[in-house]
Amino acid sequence: MADSSPTPVLNDIDGAVLDEQTTLADLTTFHVGARPRLTVRCRTQDAVVETVRRLDAAGVPLLVVGGGSNLLVADEEPLDLVVVLIECAGVSVEEDTGLLRAEAGAVWDEVVSTSLAAGLGGLECLSGIPGSAGATPVQNVGAYGAEIADVLTRVRLLDRETGEVSWVPASALDLSYRYSNLKFTARAVVLEAEFQLRTDGLSAPLRFGELARRLGASSAGERRPAAEVREVVLDLRRGKGMVLIPGDHDTWSAGSFFTNPIVPAQIADSVQDKVRRSLGAEEAESMPRFPAGEGKVKLSAAWLIDRAGFDRGYPGEGAPARLSTRHTLALTNRGEASTGDIVALARDVRDGVNRAFGVRLEPEPIWVGCSL
Ligand SMILES: Cc1cc2nc3c(=O)[nH]c(=O)nc-3n(C[C@H](O)[C@H](O)[C@H](O)COP(=O)(O)OP(=O)(O)OC[C@H]3O[C@@H](n4cnc5c(N)ncnc54)[C@H](O)[C@@H]3O)c2cc1C
């Protein structure tokens, strides 16, 4: 069986450091998860390639980890896999063309601030998202009306099926809302990502109402100096517990735990009817619904959770896993939660929303060794 295969020799790989102590609780922002068979800290792209090739050839299960901010991992040992921790972190910028390249292990928010310091616009709305540059294409990260698909040109990939390394255009990744064909499949490892940014230093068009209002923008789609937009985005994110702060348990999470459901228009209508019957016409009229192409509508997971009766901080003092006290869409570890506590809370919320509105919420993070 694959998962009982012995770990191949890895200690002769340049740029790879073997670590037998680190747990997934140490590596993830949920701060839960068992000790893997081994963690291989890869300081160069070549070390990532060689480590993954050897593990795959030996049939040893592996988990690629960047910043650990979108992972929920089982905490019961044995966790029979090897963690490949991506630590190559170089960033290069061409100020005249606006091309920025980041190695996969670069801290994403540092990439954003580097781009702004070079006078480039385009990443400002994605300020404050935790994790690594290499993970940004994996779920097409997005926030405040922008997503990585807007600026990503290509990625340098290690294809795990063939073992080949090549630059692949962003169009080959099927990027869509919180999705790419890398997510859930682990078919390839991102070694480096390239972005085409704006050289005039202006932001992407402001598409998110709350952000535009805070900036006093007079029309949708206005552009502002990118550095100014970053500051407001960071401020808004801090208010929602969406910037990592050590010791702040509202940020011991994976950010938004559920994706916004995309449903056929008639389902959205029936949800609105249910809201009307249970909460009244005014609530029903205020239900957020956004066109999502071809007769589809995107609903707000946070709004549905809230209206299903889950308040911030649910289920209350003393519970080891709770909804964030600042945002109902984030499930959080208050310090002592187990993976099971977080899974139980996720089920509770998912089932409550389903009972109230007939909508099944889907989790956004990647689950390893556990399931909903
Ligand atoms: C407080 C908070 C706020 C957040 N806000 C947002 C937000 O606004 N928008 C948003 O989209 N997300 C948000 N997230 C989720 C998360 O930060 C992003 O998904 C981020 O891109 C994950 O990066 P990471 O390096 O931490 O990935 P990890 O958690 O390490 O990995 C996530 C998945 O990607 C895979 N992976 C990681 N690196 C690579 C690589 N180099 N190649 C191939 N696969 C890889 C892993 O195997 C795993 O399957 C938030 C999370 C937190 C904790």
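The shown structure was predicted, so the numbers you read here are calculated from the model rather than taken from an experiment.

1. Brief notes about the UniProt feature "domain: FAD-binding PCMH-type" (unreviewed entry) in the chain
Step number 1: Following the UniProt record, one finds the feature "domain: FAD-binding PCMH-type" (unreviewed entry) at residues 32-200.
Step number 2: End-to-end, the C-alpha atoms of residues 32-200 are 43 Å apart, and along that stretch the chain is 14% helix and 34% strand.

2. Here we look at the sheet that holds strand 10 (residues 152-159)
Step number 1: Ordered by their spatial adjacency, five strands build an open sheet running 6-7-12-10-11, and the pairing between neighbours is antiparallel. Only two strands of the sheet have a single neighbouring strand rather than two, namely strand 6 (91-94) and strand 11 (165-169). Looking at each pair of strands side by side, their axes are set apart by 20 degrees on average, direction ignored.
Step number 2: Inspection of the sheet shows strand 10 paired to strand 11 by five bridges, in the antiparallel sense. Paired with Leu158 across the bridge in strand 11 is Val165.
Step number 3: Strands in contact with helix 2 (residues 45-57) are strand 7 (99-103), strand 10, strand 11 and strand 12 (188-196); relative to strand 12, the strand with the most contacts, it is inclined by about 150 degrees.

3. Observations regarding the domain arrangement of the chain
Interface size is commonly expressed as the accessible surface area that is lost when the partners come together.
Step number 1: Taken as a whole, the chain is organised into domain 1 (2-86), domain 2 (91-239) and domain 3 (249-368).
Step number 2: For domain 1 versus domain 2, the distance between C-alpha centres works out to 26 Å.
Step number 3: Carbon and sulfur atoms make up 55% of the surface buried where domain 1 meets domain 2, a total of about 1100 Å² over both sides.
Step number 4: Interface area lost by domain 1 to domain 2 is led by Gln45, Arg53 and Ile86, which between them contribute 41%.
Step number 5: Run the count over domain 1 and domain 2 and you get one salt bridge.

4. Structural notes on the environment of Gly313
Step number 1: Inspection of the secondary structure puts Gly313 in the loop between helix 8 (301-307) and strand 16 (321-323).
Step number 2: On the accessibility criterion, Gly313 (13% relative accessible area) is buried.
Step number 3: It is 7.7 Å that separates the C-alpha atoms of Gly313 and Thr328, two residues lying 15 residues apart in sequence.
Step number 4: Every residue in contact with Gly313, bar those within four places of it in the chain, is listed here: Arg322, Leu323, Ser324 and Thr325.

5. Structural notes on the sheet that holds strand 2 (residues 36-42)
Step number 1: Here four strands make up an open sheet; going across it, the order is 1-2-5-3 and the pairing mixed. Across the chains shown, the open sheet's two edge strands, defined by having one partner strand only, are strand 1 (16-19) and strand 3 (62-65). Mean inter-strand twist for the sheet, computed between neighbouring axes without regard to direction, equals 25 degrees.
Step number 2: Here six bridges tie strand 2 to strand 5 (residues 79-86), and the two strands are oriented parallel to one another. The residue of strand 5 that forms the bridge with Val40 is Val84.
Step number 3: Here helix 2 sits on the sheet in contact with strand 1, strand 2, strand 3 and strand 5, set at roughly 160 degrees to strand 5.

6. Let's talk about the packing of helix 3 (residues 108-117) against helix 5 (residues 226-239)
Step number 1: At a closest axis distance of 10 Å, the pairing of helix 3 and helix 5 adopts a crossing angle of 150 degrees. Compared by their axis directions, helix 3 and helix 5 come out roughly antiparallel. The interaxial crossing formed by helix 3 with helix 5 has left-handed handedness. On helix 5, the residues that touch Asp109, Val112, Ser113 and Leu116 of helix 3 are Ala226, Ala227 and Arg230.

7. Digging into the side chain of Arg230
Step number 1: Within the fold, Arg230 resides in helix 5.
Step number 2: Note on Arg230: relative accessible area 11%, which makes it buried.
Step number 3: A polar contact of 3.0 Å, which involves the side chain of Arg230, links it to the side chain of Ser127.
Step number 4: Not counting the four nearest positions on each side in its chain, Arg230 is found in contact with Asp109, Val112, Ser113, Leu116, Glu124, Ser127 and Gly128.

8. Remarks on helix 6 (residues 265-279)
Count 3.6 residues to each turn of an α-helix, and residues three or four apart come out pointing the same way.
Step number 1: The end-to-end C-alpha separation of helix 6 is 20 Å, in line with the 21 Å expected for 15 residues at 1.5 Å each.
Step number 2: Turning to helix 6, its buried residues number three or more, namely Ala268, Val271, Gln272 and Val275. The buried residues of helix 6 occupy an angular sector of 100 degrees when projected down its axis, which confines them to one face. Residues of helix 6 that are exposed and point over 90 degrees away from its buried face: Gln266 and Arg277.
Step number 3: Of the surrounding elements, those touching the buried residues of helix 6 are strand 13 (262-264), helix 7 (281-285), strand 14 (289-291), strand 15 (296-299), helix 8 and helix 9 (339-357).

Rules of the game
Residues numbered from 1 in each chain as written. Predicted model: local features only at pLDDT ≥ 70, side-chain atom pairs only at ≥ 80, totals over all residues. Heavy atoms only, no water. UniProt positions renumbered as here; feature names shortened; annotations may be inferred. Helix = DSSP H or I, 4+ residues; strand = E, 2+ residues; numbered from the N terminus. Pairing = 2+ DSSP bridges. Axes fitted to C-alpha atoms, helices over the stretch in contact; angles between N-to-C directions. Contact = heavy atoms within 4.5 Å. Domains from an automatic or database assignment. Buried area = accessible area lost by both parts, 1.4 Å probe. Salt bridge = Lys/Arg side-chain N within 4 Å of Asp/Glu carboxyl O. Buried < 20%, exposed > 50% of the residue type's maximum accessible area, 1.4 Å probe, protein only. Parallel < 35°, antiparallel > 145°, perpendicular 65-115°, else oblique. Left-handed = near helix turned anticlockwise from the far one by under 90°. Polar contact = N/O pair within 3.5 Å; in protein donor to acceptor, adjacent residues only side chain to side chain. Expected span 1.5 Å × (residues − 1). Arc of directions from axis to C-beta.

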